[in-house]
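The primary structure of each chain is shown beneath.
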Amino acid sequence: MAWALLLVALHRAVVVGGDDLPTSVLDGVCDGHDDGCTGNGSFSTAAAEAAGALWRDGHVLLRGAVPGVAEVAKEVHRVHDDIVATCMTCSDSNDLSNRDCVGCERTRATPSHFPKSFQKAKNLHRHSRAIRDFVMSPSVAGLAASLLNTPAVRLYQDTSFFKQPGDVESAWHQDQVACPLLGDKVVTLWIPLADVEPEQGTLVFAQGSHGKGGDSRTASEPTLSLRGLALSRRVTAMRYLGDNDLARHFKLSRPAAFRLGDASAHLGWTYHRAGPNQGETPRPALAVTFFADGSKVHPSFLHKGGTSESIRGIEFLGQDGQKVVAQTITDDLSTWLPWLFSGQLQPGKPLRPATAPLYQSLK
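A. Local environment of the overall build of the protein. The secondary structure content of the protein amounts to eight helices and 15 strands. For the protein, buried positions account for 52% of its 363 residues. In the protein, of all internal contacts separated by at least 6 residues, the share reaching a separation of at least 24 is 77%. With the model as given, the accessible surface of the protein reaches about 15,400 Å², and the carbon-plus-sulfur share is 51%.

B. Geometry of the side chain of Asn123. Along the polypeptide, Asn123 turns up in the loop between strand E5 (119-122) and helix H4 (129-135). Look at Asn123 and you get buried, because its relative accessible area is 1%. A distance of 3.0 Å separates the side chain of Asn123 from the side chain of Thr335, its partner in a polar contact. Apart from residues lying up to four places away in sequence, Asn123 is in contact with Tyr156, Gln157, Asp158, Ser334 and Thr335.

C. Fine view of the layout of surface pockets. Empty space within the largest pocket amounts to approximately 980 Å³. Along the wall of the largest pocket there are 44 residues; nearest its centre are Phe118, Ala171, His173, Asp175 and Asp331. Listing elements by their share of the lining of the largest pocket, those giving two or more residues are E5, strand E6 (152-163), strand E7 (186-192), strand E10 (272-274) and strand E11 (283-292). Tallying contributions element by element places E6 first for the lining of the largest pocket, with five residues. Each residue belonging to the lining of the largest pocket can be placed in one class, and the counts come to 21 nonpolar, 13 polar and ten charged. Taken as a whole, the second largest pocket encloses approximately 470 Å³ of empty space. Together, 18 residues line the second largest pocket, and Phe316, Leu317, Gly318, Gln319 and Val324 are the ones closest to its centre. For the lining of the second largest pocket, the secondary structure elements donating two or more residues are strand E12 (302-304), strand E13 (314-317), strand E14 (323-326) and helix H8 (333-341). Grouping the amino acids of the lining of the second largest pocket by side-chain chemistry returns nine nonpolar, six polar and three charged.

D. Local environment of helix H3 (residues 69-87). A rise of 1.5 Å per residue sets the reference length of H3, with its 19 residues, at 27 Å; its end C-alpha atoms lie 26 Å apart and thus fit the reference within 8%. Inspection of H3 places Val69, Val72, Ala73, Val76, Val79, His80, Ile83, Val84 and Cys87 among the buried residues, and these make up the whole buried set. Where H3 is buried, its residues touch E5, H4, E6, E7 and E11.

E. View of the pattern of salt bridges. Summed over all chains, the structure comprises 15 salt bridges. Between Asp262 and Arg63 there is a salt bridge, and its shortest N-O distance comes to 2.7 Å. Here the residue Asp262 occupies a position in the loop between helix H7 (243-247) and strand E9 (263-267), and Arg63 occupies one in strand E4 (residues 59-63), the gap between them amounting to 199 residues. For Asp262, a relative accessible area of 5% translates into the label buried. For Asp133, the salt bridge goes to Arg129, with nearest N and O atoms at 2.9 Å. Of the two residues, Asp133 and Arg129 both sit in helix H4, four residues apart, roughly one turn of that helix. For Asp133, a relative accessible area of 40% corresponds to the partly exposed category. In this structure Arg129 comes out as exposed when scored by relative accessible area, which is 56%. Through salt bridges with shared partners, one network takes in Glu75, Arg78 and Asp82.

F. Fine view of the confidence of the model for the protein. Confidence in the prediction for the protein averages 82 pLDDT; 80% of positions are at 70 or higher. Here residues 1-43 is modelled with pLDDT under 50, and outside its nearest four sequence neighbours on either side it reaches 101 contacts, counting other chains as well. Of the regions scoring below 50 in pLDDT, residues 213-222 engages in 17 contacts with residues more than four places distant in sequence or in other chains.

G. Molecular detail of the side chain of Gln176. For Gln176, the location among the structural elements is in the loop between E6 and E7. At a separation of 2.7 Å, a polar atom in the side chain of Gln176 contacts the main-chain carbonyl oxygen of Gly183. Apart from residues lying up to four places away in sequence, Gln176 is in contact with Leu181, Gly183, Asp184, Val186, Gly268 and Trp269.

H. Just the environment of Lys116, in detail. Assignment of secondary structure puts Lys116 in the loop between H3 and E5. Given a relative accessible area of 14%, Lys116 falls into the buried group. For Lys116 and Ser170, which are 54 residues apart along the polypeptide, the C-alpha to C-alpha distance reads 8.5 Å. There is a polar contact of 2.9 Å between the side chain of Lys116 and the side chain of Asp167.

How each quantity is defined
Chains are numbered independently. Their residues run from 1 in the order of the written sequence. This being a predicted model, a pLDDT of at least 70 is required before a residue's local features are given, and a value of 80 or more before pairs of side-chain atoms are given or counted; all residues contribute to the totals for chains, interfaces and linings. Side-chain measures here rest on the full set of heavy atoms in the structure, leaving out hydrogens and waters. Secondary structure elements are taken from DSSP: a helix is a run of H or I of four residues or more, a strand is a run of E of two residues or more, and numbering for both begins at the N terminus. In this scheme, a residue with accessible area under 20% of its type's maximum is buried, one over 50% is exposed, and one in between is partly exposed, where area comes from a 1.4 Å probe on protein chains only. Throughout, a residue-residue contact means that at least one pair of heavy atoms, one from each residue, lies within 4.5 Å. To measure how exposed things are, a 1.4 Å probe is used in the Shrake-Rupley method; for residues, cover is taken only from the protein chains shown. In the analysis that follows, any N or O atom pair within 3.5 Å is treated as a polar contact, provided that within protein one partner can donate a hydrogen and the other can accept it, and provided that, for residues neighboring in sequence, both atoms belong to side chains. Points on a 1 Å grid over protein atoms alone make up a cavity when a 1.4 Å probe fits among them but cannot get out, and a pocket when they form an open set with protein on both sides within 12 Å along at least five of seven lines; lining residues each have an atom within 4 Å of a point. Grid points are joined across faces, edges and corners, and a volume is the space filled by probe spheres set on the points. Gly is put with the polar residues, along with every residue not named as nonpolar or charged; the nonpolar set is Ala, Val, Leu, Ile, Met, Phe, Trp, Tyr, Cys and Pro, and the charged set is Asp, Glu, Lys and Arg. Here the expected span of a helix is defined as 1.5 Å times the quantity of residues minus one. Think of a salt bridge as a Lys or Arg side-chain nitrogen and an Asp or Glu carboxyl oxygen that are within 4 Å of each other. The predictor rates its confidence in each residue with pLDDT, a number between 0 and 100.

Written out as structure tokens, the structure reads:
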């Protein structure tokens, strides 16, 4: 059966609308320069402060921003476990003909593969109406729209990240390297599913690394940010970065403690990592990524022809039997591949897949 038919059967395209978020949604806003939070009596004031901090620093910590986490946490655990169980039966996570196995490489990760930093599952909303309702609620999607200062956002993906005691730190990275979108209106809300302490592996950010200031360095030092590079160079330019590499150019935030209902937001080009889990209990979190409605697919995302020294990425056969290369890495493959195969992902055109739910603010 075609990808499009399979996906339409799984989740109908919906338009979720809502009023502006209530005043109680943002109890406080923490920017990257403060350890504390300041309460706000006005949602408009809190929202403006949150958006300002996000675009200034590339990230913002929001206290009490997401109600209802406790109610959905059990469902996230259930769907996460189901996806992991399916992935464990897959022999090839890059077999594009088996939709259940695409993108399973980090879900199946064990210390025998490489030091494990987390276990993840992708797009839980495609398997659960309760999770879809949660991520498309005013408290989550509406918050994303407010932070991006746009009246409408689309859900790009959601990902559960479960970090067990003993799991190592994750590598510094920029999420948008794996995303086919052009521009910078992409935001991820990182929502812990339990109270977590810094030693359990909460996020660390390189403040300001989302901006153009991270695009170029001296001739003797490689470019840090991949934002300003042509797609053909992003894949080959990726390299391991340590804290010292980032700290020479950016202030690194301190990992924070989270209580249920707190959230962290970061932009797609912000460098970040999660610390190791040195605690005694798991650290479950759900990361939900949105993009501004109308955002376009990068015009160079697809290259006709096979891979070469100058063209790197994911190679597959097009409908005409000719080789095509998606100039990106595999991290988000299971998210955008259905849109590509169904003809809804076209380079240079707005990305509006029927199966990427839309949230619109009603004013």
